[in-house]
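Structural characterization, general
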Amino acid sequence: MDFDFASALVSNTEETLISPEDIFSKMTSGKQLWLGQGDALREWDKERTKNDILLSMDTGMGKTIVGLLISYSLMNERKMKSIYVCASKQLVEQTVSEANQLGITVASYTNGEFTNEFEFNQCKVPLITTYQSLFNGKSRFHKEDIGGIVFDDSHVADNILKNCFTLNISKSDNQKIYEKISSLAKPYFESSNQEVRFTQVINNKSDEVLILPPFELKEHYSEIRKILIENEVQTNKDLLFAWEYLKDNLDMCLFLLNQNRIEIMPPIIPSKTLSYFKNDVRRVYLSATHINKDYFPRYYGNKIKKTISFPSGKSKTKKF
């Protein structure tokens, strides 16, 4: 018979477990944590009240299980929803499978499909989902009452986050929009003696990237917005999620043009505007590599309050 950990863990008659080691012991009778995993969890437990903690563990040390236990621990302590974020749908499936093999019950959400949604809404299990699901402009989680978030592979999420906030107008997929908006930029490049460069890019004879200065973009703000709306940007699956963020802020964005696409993006990722980065949300960033201290403010909007690092030399097993 399968052990229903979620029901046993969150019960009106039993004590709710907070320690990640106690949670592991409760849900996986007879299984072992690696020594490095136990050390990492104990160090995090000492600092658990901090908002932004970087937990760096070498590849192969089992940081996925550490992150899942932290998600459960935050959920139980705060009696609020907890989310574990992966870099792709495949990694969500892999994480769910790894959790299930240990007897850990979780919810998942990818491509609009939920599993164990009721248990997640009742704060009985953490949710495993993707960065894209969490950060897109129409995410269903923007208004959720989230108490803790674990960002897995936080060191490789920069491009994912940038894309979530960028209008990528592909010439092949959105030719009409590309042509109309690029025509608005043409007078600037003509007046600044860059007409040849512009013509070569537009005619696919150069892979150069052209930049339209912010003052020029601001001048054409209303026209660009009109072109996008008239071409049904609100229903265009390639554009609608970023459009939700940028529709009222195009005049504050950067404008890049090459032979394949136009990119319109904010100069900095406005992560701090999202509910996930409020002061009362506990955030843990999992990484398998050293990250420059400027990385997190640039992409996640916050400075790291505590760094916990564990080298691969501590990966022997220990039973708890």
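The preceding data block contains the structure.
Residues numbered from 1 in each chain as written. Predicted model: local features only at pLDDT ≥ 70, side-chain atom pairs only at ≥ 80, totals over all residues. Heavy atoms only, no water.

Another aspect to go through is the layout of surface pockets. A probe as big as a water molecule, rolled over the atoms, marks out the empty space that is left. Reported here for the largest pocket is a volume of approximately 550 Å³. The wall of the largest pocket is formed by 23 residues, among which Gln132, Ser133, Asn136, Cys164 and Phe241 lie closest to the centre. For the lining of the largest pocket, the secondary-structure elements that each account for two or more residues are strand E4 (107-110), helix H7 (131-135), helix H8 (158-164) and helix H13 (240-246). Looking at the lining of the largest pocket, the element that brings in the most residues is H8, giving three residues. Of the residues contributing to the lining of the largest pocket, the split by class is six nonpolar, twelve polar and five charged. (1 Å grid on protein atoms, 1.4 Å probe; cavity = no way out; pocket = protein on both sides within 12 Å on 5 of 7 lines; lining within 4 Å. Points joined across faces, edges and corners; volume = space filled by probe spheres on them. Helix = DSSP H or I, 4+ residues; strand = E, 2+ residues; numbered from the N terminus. Nonpolar A, V, L, I, M, F, W, Y, C, P; charged D, E, K, R; others polar.)

As a further point, take the sheet that holds strand E11 (residues 261-265). Spatially, four strands are ordered E8-E11-E10-E9 in an open sheet, and the strand pairing comes out antiparallel. Each of the sheet's edge strands pairs with one partner strand only, and the pair in question is strand E8 (167-170) and strand E9 (210-212). In this sheet, adjacent strand axes meet at a mean angle of 20° when their direction is disregarded. Where strand E10 (residues 254-257) meets E11, four bridges bridge the pair, whose relative direction is antiparallel. By the bridge assignment, Leu254 is partnered in E11 with Met265. Against the sheet, helix H9 (residues 175-191) contacts E8, E9, E10 and E11, and its axis sits at roughly 75° relative to E9. (Pairing = 2+ DSSP bridges. Axes fitted to C-alpha atoms, helices over the stretch in contact; angles between N-to-C directions. Contact = heavy atoms within 4.5 Å.)

Once that is clear, we can look at the nonpolar core. Counting 96 residues, the largest nonpolar core has Leu55, Tyr131, Phe135, Phe151, Leu228 and Tyr300 as its most contacted members. For this core, the element with the highest residue contribution is helix H4 (residues 63-78), accounting for eight residues. If near-sequence neighbours (up to four positions away) are discounted, Tyr300 is found in contact with Tyr131, Phe151, Ser154, Ala157, Leu161, Ser271, Phe277, Tyr285 and Tyr295. (Core = buried A, V, L, I, M, F, W, Y, C linked by side-chain atoms within 4.5 Å. Buried < 20%, exposed > 50% of the residue type's maximum accessible area, 1.4 Å probe, protein only.)

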